Amino acid sequence: MLQTQGSVDIDRTALLEFKLAITGDPNGTLSNWDKNNGDFCQWTGVTCSNNLTKRVVGLNLTFCGLSGSISPMLGTLKLLTDLSLSGNNLTGSIPPELGQCTALSILKLDGNNLAGSIPPELSQCRNLTTLNVAHNHILTGQIPPQLGQLQNLVSLLLQDNLLTGSIPSTIGNCTNLVNFAGNNNNFTGEIPASLGNCTKLEGFVFGYNNLSGIIPPVFGQLQHLSVLYLMNNSLTGEIWFLGNCSRIFLIHMEYNHFTGPLPHDFGECANLTQIFIKNNELSGAIPPALGNCTKLFNVGFSANKLTGTIPASLGNCPDLQSFQLDDNNLTGVIPPELGRLQNVQYFYLAGNNLEGTIPASLGNMTGLLQLHFQDNPRLTGGIPSELGMLPNLKQIIIYNASIQGHIPDSLANISSLEYLVINDNQLNGTIPASLSRLQNLISLLLQNNELTGSIPSALGHLANLQSFSVKRNKLEGPIPSTLGGLRNLTSLDLSNNFFIGLIPQELGNLQLLKTLVLSGNSLSGTIPDSLGNCSALVTIDLSNNTLIGGIPTSLENCTNVTRIRLGNNHLGGDFAAQLNVGKFKSLEILSITNGSFTGRIPETMADCINLSFVDFSRNQLSGTLPIYNEASLPNLRVLALRYNKLEGPIPAWIWNLTALQVLDLSNNKITGDFAGGTMGLSQLKGFINSKASASFLLGSSTLYDENLQITVKGTDLVFTSNLFLLTAIDISGNMLGGIIPQDIEVLKELIQLNLSHNSFKGNIPSNIGTISPLASLDLSNNQLDGEIPQSLQLLTYLANLNLSNNYLSGPIPQGRHLDTFTESSYSPGNRGLCGPPLSRLCTVAPADNTTQYSSDQSIKSFSDLFSIPGFVLGSCIGFSSVLLVFLFWDSVRNRWRLPSTIAILSSRLEMPNRRR
């Protein structure tokens, strides 16, 4: 029936109103939309029904660059079937009036900047087959449940928005639905089982949301399902039923919490090309039937709990390009049949329990780009020389295994190789000079092997090399000066070998170098002045060599440095005059221990607000401790100044170091008292708060690889890589006097306290026993009097106790672990003490307590001061702490998730029997 002129005018008006709402038309798309041009059917993008009725049935203006809003007047286009405005810059909301376009079949508003919610009024468009509002990025609200009334709906596309809420169960009424996508939103809740009614469903795409619960098992009945994209949600449950989806070809379900086995009938999915279920909790074996999926392109089962062996049948998938089985519990050998995968590019088997050798057949994988076999400790044998036949290989990463033999010369044929990372194995022999042909090499990591010989000078021709490490091998000879030609090098670690000779001046040419570690060798001579040209340096570690002379002032050019380790050399001179440490604003570690440095502690050190570790022990530093602002060095955790010639009182700023965990001022000439500053000891949060004392475990790992010597009952214990377990105060061997402050009880996390060989007087604080983790207490060789506090009974982890050479009197506290200490804990001295383990009974009047050993009285034999069991047990506390590191090694590696020091000790430290 012919339409009235009024209907035509309504359509023209609606179109003109649409144009009026458009504020930008850079391509002039609407330039012929003119009210004076009466035939709007000729306007760009407009489609009319026929030449007689002239009613608008289609408006297609996709990718025209239009900006502005969508006019609600479009709702008056009663015969409109296709509204496609995709790929523009439209803003505003989706007009609810579009629900009046009851003839609408296609609504495409994707790729704009529309905001607001999806109007429920669209459910009135009962003929709608396509509703696409994807990629608007700022659409909000929920999926209207009313959309379930659209029984003709074929495609519902909502991805890349900010939609929330759950997937309405009413969508299950859309029985013609084929594609349902809502990835990259904020959907929550469970996947409704009612979607099992959508028997034509081919694609269900809801990755990157917050969906939870299980995938309904009815999904296994969706015979047309071909794409299942659910990655990055919080889905749980098993997925055994997915093997029934015989037409499925793409599965992306990584980063969820799926459990149970892989579907054993995956082999029936003949069209399967991609399956990624990484980072879940799947268990059981990989089904051998998966090898029947000969169209497989990508396989990704990384980071699950899969067990069993790698099916040799996977070698039947000739199109496979990505093979990712890393970080599981797979065992057995690497099947030689996998060598048939000539198109594979990414071959990841790291982090399993594989054994046997690397098959030589892998040399047939001519398309291989990356080979990752690291963290398989039982993987043995040599590196196959056949790998040298892989022309495209970029990465060989096989660290932390048991690979033996020589590094094959054939690897030098892989001209594309960028990463050769074969550290932490059992490789022997020499480093092939032929590796210098690998001109694309970026990283060469050979540390922790048994390599011998020297570093080939030809390696200095690796122009693109950025990281080079051979630490902890058996290499010898001089460091090649040609390494100074590695102009792109950022990290050089040659530590813990047998290198001799001078540090090459040419290393100063490495202007991009950030890490220089040459420690633990036998290098001699002076520190080259040219190192000051390496202005990008962050770490300088030359410790544990035989270097002489002073520190070159040119190092002050390295203003970005965070770690300076120069200890255990023969370096000396006036330290403060040689190096203005205040220029290193980012400095965290400063160690010059065991040298011959003189002069005062630098005043400018107070400017290094990031300092965490300072060790000036065993030098000849003199003068008084510097007077810093009380807010100085807020991040300092370790201050070790033992065995110097320092004098004067302990300045107040030390008692305000809120992060401090270790204070060692022992064996100096410090005077004054142990007052703790104006605030007492309450500012030492590192000794008070368990969270403060271990806070760096959750953030910076600054102290993790530092070494520190601590004296326990005359024995030097080295804390290596477990310094985070230690909280200690050692001010022994000085000239301090006065009383031990009563508020010492606030140091609730203190493990070791040594105040021996001073002149402290008065009583032992009665509440000292409330420091529950205290494991070593040495108050010997002072002038303390009174009784031993009964609170010592509370120190259940006390392994070392020395109160000898004081004026203590009265009965020795008994009970619990105190009964295990020997006489050496209390004697010589303390003539007024009585009771076990001393032979003096408390029923007998105490002997005259006026004749005592003085604090500086010479000790003529070892047994005068130490009992053998006491000495052994004094050492045990240090070695127990070292043992703790290994007990907790996995949790330390996984981002430091450790309990407080108290919890560590109470759960792990087994105290030895101290009395025989």
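Our structure's up above, just so we're on the same page.
Residues numbered from 1 in each chain as written. Predicted model: local features only at pLDDT ≥ 70, side-chain atom pairs only at ≥ 80, totals over all residues. Heavy atoms only, no water.

K.L.:
Before we go on, may I ask you to explain the sheet that holds strand β46 (residues 622-624) in this structure?
P.N.:
Picture the strands of a sheet paired through backbone hydrogen bonds; they go either parallel or antiparallel. Taken in spatial order, the 3 strands make up an open sheet running β46-β48-β50, and their pairing is parallel. The two strands at the open ends of the sheet, each matched to only one other strand, are β46 and β50 (669-670). As paired elements, strand β48 (residues 645-648) and β50 share 2 bridges and run parallel to each other. Across the sheet, the residue bridging to Glu647 is Lys669, located in β50. (Pairing = 2+ DSSP bridges. Helix = DSSP H or I, 4+ residues; strand = E, 2+ residues; numbered from the N terminus.)

K.L.:
For this particular structure, what's the right way to read the sheet that holds strand β44 (residues 596-598)?
P.N.:
Here 3 strands make up an open sheet; going across it, the order is β40-β42-β44 and the pairing parallel. Unpaired on one side and paired on the other, β40 (548-549) and β44 mark the two borders of the sheet.

K.L.:
What is the right way to look at unusual backbone geometry in this model?
P.N.:
Glycine aside, negative phi is the norm for most residues, and most peptide bonds take the trans geometry. In the segment running from Ser827 into Pro828, the intervening peptide bond is cis, with an omega of 10°. If you trace the backbone, Pro828 turns up in the loop between β59 (807-811) and β60 (832-834). Of note, the phi angle at His137 is positive, near 75°, even though the residue is not glycine. Mapped onto the elements of the fold, His137 is located in the loop between β9 (130-132) and β10 (138-139). For His137, a relative accessible area of 45% puts it in the partly exposed group. (Buried < 20%, exposed > 50% of the residue type's maximum accessible area, 1.4 Å probe, protein only.)

K.L.:
Would you explain the nonpolar core in this entry?
P.N.:
Note on soluble globular proteins: their nonpolar side chains tend to be buried together. Among the nonpolar cores identified, the biggest contains 231 residues, and Phe180, Phe204 and Phe468 are the most heavily contacted of them. Counting only elements with at least two residues in this core, the list comes to α1 (5-21), β2 (46-48) and β3 (56-60). In terms of residue count, the dominant contributor to this core is α1 (4 residues). With near-sequence residues (within four places) excluded, Phe204 lies in contact with Ile167, Phe180, Ile191, Leu195, Phe219, Leu225, Val227, Leu228, Tyr229 and Leu230. Counting 6 residues, the second largest nonpolar core, distinct from the first, contains Ile589, Val662, Leu726 and Ala728. (Core = buried A, V, L, I, M, F, W, Y, C linked by side-chain atoms within 4.5 Å. Contact = heavy atoms within 4.5 Å.)

K.L.:
Is there a simple way to explain the pairing of strand β57 (residues 783-786) in this structure?
P.N.:
Across a regular strand the side chains alternate sides, sitting on one face of the sheet and then on the other. Of the two faces of β57, the one lined by Leu784 and Gly786 is fully buried and the one lined by Gln783 and Asp785 carries no buried residue. By the bridge criterion, 2 bridges tie strand β55 (residues 761-762) to β57 in an arrangement that is parallel. Within β57, the position partnered with Gly762 by the bridge is Leu784. Judged from the 2 bridges that link them, β57 and β59 form a sheet pairing that is parallel. By the bridge assignment, Gly786 is partnered in β59 with Leu808.

K.L.:
Which parts of the structure should I look at to understand the environment of Val57?
P.N.:
Mapping Val57 onto the fold places it in strand β3. With a relative accessible area of 18%, Val57 lands in the buried category. Distance from Val57 to Leu104, taken between C-alpha atoms, is 8.6 Å for residues 47 residues apart in sequence. Beyond its immediate sequence surroundings of up to four residues, Val57 is in contact with Thr47, Cys48, Ser49, Leu79, Leu80, Thr81 and Asp82.

By themselves these figures say nothing about function.
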